[in-house]
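Here is what each chain is made of, one letter per residue.
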Amino acid sequence: MSDVVVGADGLARCGWGGSTPDYLEYHDNEWGREIRDDNGLFERMSLEAFQSGLSWITILRKRPSFRTAFAGFEIEKVAAFGEADVDRLLADPGIVRNRAKIEAAIANARAAAELPGGIAALLWSFAPSPKPDRPADFSHVPAVTAESKAMAKDLKKRGFRFVGPTTAYALMQATGMVNDHVAGCFVRI
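Attention here is on the structure that accompanies the text. Predicted model, so just to flag it, every value in this text is computed and none were measured. (Residues numbered from 1 in each chain as written. Predicted model: local features only at pLDDT ≥ 70, side-chain atom pairs only at ≥ 80, totals over all residues. Heavy atoms only, no water.)

Take unusual backbone geometry next. Between Ser129 and Pro130 the backbone carries a cis peptide bond, its omega angle lying at 0°. Considering the arrangement of structural elements, one finds Pro130 in the loop between helix H7 (119-124) and helix H8 (146-157). You will see that Ala71, though not glycine, has its phi angle at about 50°, which is positive. The phi dihedral of Phe162 falls on the positive side, at around 60°, and the residue is not glycine. Residue position: Phe162 is located in the loop between H8 and helix H9 (165-174). (Helix = DSSP H or I, 4+ residues; strand = E, 2+ residues; numbered from the N terminus.)

Take a look at the structure:
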């Protein structure tokens, strides 16, 4: 995959962003845009955890089903899920049916609900300031940073699961805490 591809629309974008129509829409309109609300960040954290070991396109295509199954990722609602909900989710073919990931999403909602200032304030406290410059190419995009390691460590200390340093960095990328659109990409955030 090339670092930058020019689409049929004449726009240069990150190479992965032009590989499928789903990725094109996600790349152009969502990835890297700042998300600062608790439920929005909880959703992205949950989806990044479900993605672990899978392709992001799988999660992206299942996202509508995930939103339905997980009550729109409203933290308080997911925190109230019980064993019957786990069984319901394990039987739902529209999502990734992995018990550990499902139970982690519920545990993470409970942990998020306990945060005095909310999950958004906590997660954004790990965003590098100032934001690093856009990478010249994919070889300059890290999988893990000092900030993502610190975020993962703090989240684990607070009872969150499936949020290692790599998942934390992917969350930072997806939610605009860092800007990893490569230098030649038309997206300016």
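Further notes follow.
What follows concerns the environment of Tyr23. When you line up the elements, Tyr23 lands in helix H1 (residues 21-29). When the C-alpha atoms of Tyr23 and Gln51 are compared, they prove to be 15 Å apart, with 28 residues separating the residues in sequence. Those residues within four positions of Tyr23 in sequence are excluded, and the remaining contacts are Trp16, Gly17, Ser55, Trp56, Ile57 and Leu60. Within the local environment of Tyr23, its side chain forms a polar contact with the backbone nitrogen of Ile57, the two atoms lying 3.1 Å apart. (Contact = heavy atoms within 4.5 Å. Polar contact = N/O pair within 3.5 Å; in protein donor to acceptor, adjacent residues only side chain to side chain.)

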